[in-house]
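# Tertiary structure, described
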Amino acid sequence: MNISMRWSGRAVALILSAACAVFFVPALTNAQPDRSSAPVKSAANPANAGTSAPIRRPWMDRSLSPEQRAGLLVKAMTLDEKIHMMHGVGACAEVWTEKCPMPIKGYVGEAPAIDRLGIPHLNLADGRAGVGNKAVNVTLLPAPIAAASSWDPALLNEFGHVLGKEEWDKGANVALSPTIDVVRVPEWGRTFESYGEDPYFNGRMAAAEIKGIQAEGPIADANMYLTMNQENSRFSSDSVVDERTLQEIYLPPYAAAVAEGHVGTFMCAYVKTNGVYSCENAHLLRDLLRKELKFDGWVMSDWGATHSTVDAANHGLDQEMPIDEYFGAPLEKAVEDGKVTVATIDEHVRNILIPMFRQGLLDRQQPGNWDSNVRTDAHTAFSRKAAEESTILLKNQGALLPLRADASIAVIGEAGSTKPKGEGGGSSEVVAPYIVSPFDGIGKRGKGKITSDDGADLYKAAATARAADVAIVFARTEETEGYDRPGLNLPGNQDALISAVAAANKKTIVVLDTGGPVLMPWIDRVAGVLEAWYSGQEDGNAIAAILYGDFNPSAKLPLTFPRTATEIPTASKEQWPGVNGRSLYSEGLNVGYRWYDATHTQPLFPFGFGLSYTTFRLNRLAVEPRELKSKSGAAPEAVLVKVDVTNTGTRDGAEVVEAYVADPSKNGEPPHQLRGFAKVRLKVGETKSVTFTLDRRSFSIYDVSLHRWTCLPGTYDVLVGTSSRDLPLHDRITIR
Ligand code: NOJ
């Protein structure tokens, strides 16, 4: 334990025993609020030098609000101390570049404690699917795109709890998770880290995961703000996007992270939006985040995404990570020169302190450190459950699945045996304690003969497939931060392998271990397809449970799978990766399924699609109220959607009911947009009435002439079903 932690611990003891709101800590120094009396810096921790005299700590009064406490603490800080909080002390500015191929082992970002005032270290650790930065003895969960495929915010909340608990027990009090950007480009290298292509859906998932993380101790950091939709030219690319698209597509997940998730921090992105780098973009940081979304936490820069001192500080960046290139000495100088005011500095520091107080970081000690073993049986069990809940059944011809236990199985492809694919690459990478291979998982569960072939030699693989009752090809992509995929086909010889195996055995099933959509030129020749994503350490156990029917699949696609490489919303070079450094968001609102619907393009598998081993019937849709008056353009608070769902098949299972709204106006709205959903679990023959609400955004558009959301009068169609392309139930609501 470090000194600062001991002191804050002692302060806590004092607080608990004191009945009044004034707190004294004897051996600490006096508050020195102005620059003239600032303590001399020491090399190790510049903010920690100074004299030793008692200090009054009114900010330790826990009956005050986080905002009040932050205000009191800022008043007691010297300028050096304030600036000290506004940058990290790492060694590497640009990770994932040749200059600095990190991550280092240990916290990827650090801001040391200020002992004098009882401010603890900030220890930041990566991890979208488990604690990252080469931490060992941690749990590898399925990729976020997988977890999101459950369409179950409760699962994402549990995901956040597991992740947050392991981060906390590793000594990290800021968890750099989740990634909440909308998947605009299907080739995006970080698709696996995100939740998919719908803004409303991403917002629901983000809020649920953030709440889970923060309930365990750490401050969650949602990233990467904003328009971070590609990797190829991420350090320089300019996302050219119109105001309405920014508001309706890219901002909503962040709005939900604030309003519902109460997230503590955001990370501003590498890219520029409309010509200005994210971390010095006053429109993004001040107009949208602060004024419009009312965000009261702090914005840290992505690693190496700070490009200036004065603009960044004045336009809304609170903290440079991971070093002090712009927010160390240059910021002090800018204050001296009057280019950045002390009031601005105070505002930034308050933004950092508010979530720290809210999370109780100054009020309690954090157990554990980087070397702690944070794995538990419960986390292992959750990793498996999440993988099962994430696996999508895309095709099941002739009800080949679930398999008979005594069927002989040929497991084909490296991902099936020697190289199970549990996760994607980049800063989210986790050192998995193990990854159960599908061959081992199937071997433990099946009663028939199980053989395997790595698929390197197509003839040999076909012969192995021919000799078995059922052939299962495990195919994978290698997706990572830093690079977009060069195309949407499975890499290497995998398409040819699947075709060769399918020609040898009619009962061929393909299991996809991918982080995003892939093309399936062989789709008509295989009997079954499962999208298992990057499914974490329990990969083989989870897939065996699905294959043999121990778990009835209930996941659905959170993004569209296209039929061809050109039939995608971002097919032109101008859109992705961009020309002359500019990436034109010319598809506007038509991102993901919105584009397929607007252009009448048939996808391979639509957004929201996924099969089950049972069947369901939806009926008796009712929308309430069906008619209402809007007061001066304000949308209704909440509209209720009720629908009955019956399990009409022969197995217990779960169905996701999806509600889309089609706007009455002809202002360029996509044909229909997801506005609500609910997952319902049903026994054989059971019927449940499902009720959920459509919020006011469901009936609003962003009016660029007024620069605000507005509800247009007219009749809105409410379409309900089980995918974006299967919406048999219709009702309508008229707003006058
Ligand atoms: C860059 C990534 O974009 C970000 O997500 C990550 O948290 C930081 N590096 C730190 O590793």
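Keep in mind that this is a model prediction, so the values were computed, not measured.

### Thoughts on the overall build of the protein
The number of helices and strands found in the protein is 18 helices and 28 strands. Along the first, second and third principal axes, the C-alpha set of the protein runs to 80 × 60 × 55 Å. Burial analysis of the protein (736 residues in total) assigns 65% to the buried set. The contacts in the protein between residues at least 6 apart in sequence include a share of 77% that link residues at least 24 apart. Accessible area for the protein stands at about 25,500 Å²; split by element, carbon and sulfur atoms hold 53% of it.

### Quick look at the packing of aromatic side chains
Evaluation of the coordinates by the stated rule reveals 22 aromatic pairs. By way of ring pairs, the aromatic residues Trp-151, Tyr-200, Phe-201, Tyr-593, Phe-607, Tyr-660 and Phe-677 are connected into one cluster. Across from the ring centre of Tyr-277, 5.0 Å away, lies the NZ or CZ of Lys-272, which sits over that ring.

### Focus on the site of the ligand
Around the ligand sit 15 residues in total, of which Asp-126, Arg-128, Arg-190, Asp-302 and Glu-481 are the nearest. One of the side-chain nitrogen or oxygen atoms of Asp-126 is found 2.4 Å away from an oxygen atom of the ligand. Taking Asn-223, its side chain carries an N or O atom lying 3.4 Å from an oxygen atom of the ligand. Out of a free accessible area of 290 Å², the ligand has 100% covered by protein chains. Of the residues that constitute the shell around the ligand, the class distribution is 7 nonpolar, 2 polar and 6 charged.

### Some thoughts on the nonpolar core
Judged by nonpolar contacts, the single largest core of 161 residues is most densely connected at Ile-119, Leu-353, Met-356, Leu-512, Met-520 and Phe-561. Each of domain 1 (22-35 + 69-358) and domain 2 (614-735) contributes no fewer than three residues to this core. If we ignore the near neighbours within four places in the chain, the residues touching Met-356 are Met-85, Ile-119, Pro-120, Leu-122, Ile-219, Leu-361 and Leu-362.

### Some details on the environment of Glu-336
You can see Glu-336 is positioned in helix H11 (residues 329-336). Remark: the alpha-carbon pair of Glu-336 and Lys-507, spanning 171 residues in sequence, is separated by 74 Å.

### Some remarks on the side chain of Glu-197
Its place among the elements puts Glu-197 in the loop between strand S5 (174-176) and helix H6 (199-215). With no salt bridge to any partner, buried Glu-197 finds its closest opposite charge in Arg-594, at an N-O distance of 6.6 Å. Within the structure, Glu-197 has its side chain in polar contact with the side chain of Thr-560 (distance 2.6 Å). Looking at Glu-197, its side chain comes within polar contact range of the main-chain nitrogen of Tyr-593, at 2.9 Å. Apart from residues lying up to four places away in sequence, Glu-197 is in contact with Val-182, Val-183, Asn-202, Pro-558, Leu-559, Thr-560, Val-591, Gly-592, Tyr-593, Arg-594 and Phe-607.

### So, the domain arrangement of the protein
One can read the domain layout of the protein as domain 1 (22-35 + 69-358) and domain 2 (614-735). Each partner contributes to the interface: domain 1 provides 14 residues, whereas domain 2 provides 17 residues. Here domain 1 and domain 2 share an interface that buries about 1,500 Å² over both sides, 55% of which is from carbon and sulfur atoms. A class-by-class count of the residues in the side of domain 1 that touches domain 2 yields 5 nonpolar, 2 polar and 7 charged.

### So, the sheet that holds strand S11 (residues 298-301)
Pairing is mixed across the open sheet formed by 6 strands, whose spatial order is S3-S4-S5-S6-S8-S11. On the outer flanks of this sheet lie strand S3 (109-111) and S11, each paired with one strand and no other. Adjacent strand axes in the sheet meet at a mean angle of 25 degrees when their direction is disregarded. Here S3 pairs with strand S4 (residues 122-126) via 3 bridges, running antiparallel. Bridge pairing in S4 links Glu-110 to Asn-123. Sheet strands in contact with H6 are S5 and strand S6 (219-225), and its direction is about 145 degrees off that of S6.

### Looking at the pairing of strand S15 (residues 470-476)
Looking down a regular strand, the side chains alternate between one sheet face and the other. Most of S15 sits out of view: 7 of its 7 residues are buried. Judged by which residues are buried, S15 turns out to be covered on both faces: Val-470, Ile-472, Phe-474 and Arg-476 on one side and Ala-471, Val-473 and Ala-475 on the other are all buried. Looking at chain direction, S15 and strand S16 (residues 508-513) are connected through 6 bridges and run parallel. When the sheet's bridge partners are listed, Val-473 is paired in S16 with Val-510. Read as a crossover between parallel neighbours, the route from S15 over helix H16 (residues 494-504) to S16 is right-handed.

### Quick word on helix H7 (residues 243-250)
With 7 of 8 residues buried, H7 is to be regarded as a mostly interior element. Restricting attention to buried positions, one finds in H7 the residues Arg-244, Thr-245, Leu-246, Gln-247, Glu-248, Ile-249 and Tyr-250. Its side-chain oxygen at 3.2 Å from the backbone nitrogen of Arg-244, Asp-242 defines the N-terminal cap of H7.

### Quick look at the sheet that holds strand S23 (residues 673-682)
Read from one edge of the open sheet, 5 strands run S20-S28-S27-S22-S23, paired in mixed fashion. Here the strands that pair on one side only, and so sit at the sheet edges, are strand S20 (627-628) and S23. Bridge count for strand S27 (residues 714-721) against strand S28 (residues 729-735) is 7 bridges, and the pairing is antiparallel. Residue pairing for S28: Val-718 is matched across the bridge by Asp-731.

Calculation notes
- Position labels on residues start from 1 in each chain and follow its written sequence.
- Local features are withheld for residues below a pLDDT of 70 in this predicted model, meaning they are given only at 70 or higher, and side-chain atom pairs are given and counted only at 80 or more; totals for whole chains, interfaces and linings count all residues.
- Side-chain numbers here rest on the full set of heavy atoms in the structure, without hydrogens or water.
- Here a strand is any run of E in DSSP of at least two residues, a helix any run of H or I of at least four, and the numbering for each starts at the N terminus.
- Buried residues are those whose accessible area, probed at 1.4 Å on protein chains only, stays under 20% of the maximum for their type, while exposed residues exceed 50% and partly exposed ones sit between those limits.
- Note on contacts: a residue pair qualifies if any of its non-hydrogen atoms lie within 4.5 Å across the two residues.
- Where accessible areas are quoted, they stem from the Shrake-Rupley method and a 1.4 Å probe; at the residue level, only the protein chains shown are allowed to cover.
- Aromatic pairs are defined between Phe, Tyr and Trp rings, using the six-membered ring for Trp, whenever the two ring centres lie within 6.5 Å; interplanar angles under 30 degrees are classed as stacked, those over 60 as edge-to-face, and all others as tilted.
- Only when the NZ of Lys or the CZ of Arg is both within 6 Å of the ring centre and within 35 degrees of the ring normal is a charge said to sit over the ring.
- For each residue, the test is whether any non-hydrogen atom lies within 4 Å of the molecule or strand; if one does, the residue is near.
- What qualifies as a polar contact is a pair of N or O atoms within 3.5 Å, subject to a donor-acceptor requirement within protein and to the restriction that residues adjacent in sequence count only when both atoms come from side chains.
- Lys, Arg, Asp and Glu make up the charged group, whereas Ala, Val, Leu, Ile, Met, Phe, Trp, Tyr, Cys and Pro make up the nonpolar group; the residues left over, Gly among them, are polar.
- What is meant by a nonpolar core is a set of buried Ala, Val, Leu, Ile, Met, Phe, Trp, Tyr and Cys residues, joined one to another through side-chain atoms within 4.5 Å.
- For each domain, the first and last residues come from an automatic or database assignment.
- Only four residue types enter the tally: Lys and Arg on the positive side, Asp and Glu on the negative side, with His and both chain ends excluded.
- Note on definitions: salt bridges are taken to be side-chain nitrogens of Lys or Arg within 4 Å of carboxyl oxygens of Asp or Glu.
- Joining two parts hides part of their accessible area as seen by a 1.4 Å probe, and the buried area is that hidden amount summed over both.
- Between any two strands, at least two bridges found by DSSP are needed for them to pair.
- Throughout, an axis means a line fitted to C-alpha atoms (over the contacting stretch in the case of helices), and angles, computed between N-to-C directions, take values from 0 to 180 degrees.
- We call a crossover right-handed when, viewed with both strands directed away from the observer, the connection leading from the first strand over the helix to the second proceeds clockwise.

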